[in-house]
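Understanding the architecture of this molecule
In case you want the letters, here they are:
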Amino acid sequence: MGCGGLRRFLAEFEPFRQVVDGVRSILYFGAQAEAGLGRGWTMIGVGFVVALLFGFGMTRFYDRRGLHRSPIKVLDPQPAPTV
């Protein structure tokens, strides 16, 4: 599977095409569900739910492993010595 094949594979389930169809429906077809708006909203909802499930799943994974989710602590800059 080359790079073009990968893009075709991703395009089958990536919601961006459906989102573009939804915007096209709003701009050119009077925001009709039959023109792609309904599918666009559906794919946005599915993508949102999948992202939430993935985020909660990874949070649970981190918590069960005892890993820390806190950001890296940055040292406070020290003032330059005065001469």
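Heads up: the structure comes first, above all this text.
What comes next is a walk through the structure. All of these numbers come straight from a predicted model, not from anything done at the bench. (Residues numbered from 1 in each chain as written. Predicted model: local features only at pLDDT ≥ 70, side-chain atom pairs only at ≥ 80, totals over all residues. Heavy atoms only, no water.)

**Quick look at the pattern of salt bridges**
Under the counting rule described, the total for this entry stands at 1 salt bridge. The partner of Asp-21 in a salt bridge is Arg-24, and the shortest N-O contact between them spans 2.9 Å. Here Asp-21 and its partner Arg-24 are both found in helix H2 (residues 16-28), 3 residues apart, which amounts to about one turn of the helix. (Salt bridge = Lys/Arg side-chain N within 4 Å of Asp/Glu carboxyl O. Helix = DSSP H or I, 4+ residues; strand = E, 2+ residues; numbered from the N terminus.)

**Focus on H2**
Each α-helix turn comprises 3.6 residues. Residues three or four places apart therefore point the same way. Between its terminal C-alpha atoms H2 stretches 18 Å, which fits the 18 Å expected from 13 residues at 1.5 Å a residue. Among the residues making up H2, those that are buried are Gln-18, Gly-22 and Ser-25. Along H2, the residues classed as buried sweep out an arc of 55° about the axis, all on the same side. Seen from the buried face of H2, the exposed residues on the opposite side, beyond 90 degrees, are Phe-16, Arg-17, Leu-27 and Tyr-28. At its buried positions, H2 is contacted by helix H3 (37-65). Once H2 finishes, Gly-30 follows within two positions and takes phi at roughly 70°, a positive value. (Expected span 1.5 Å × (residues − 1). Buried < 20%, exposed > 50% of the residue type's maximum accessible area, 1.4 Å probe, protein only. Arc of directions from axis to C-beta. Contact = heavy atoms within 4.5 Å.)

**A short note on the environment of Gln-18**
Relative to the elements of secondary structure, Gln-18 occurs in helix H2. Classification of Gln-18 by relative accessible area gives buried; the value is 4%. C-alpha separation for the pair Gln-18 and Leu-37, spaced 19 residues apart in sequence, amounts to 8.2 Å. Aside from chain neighbours lying at most four places away, what touches Gln-18 is Gly-36, Arg-39, Gly-40 and Met-43.

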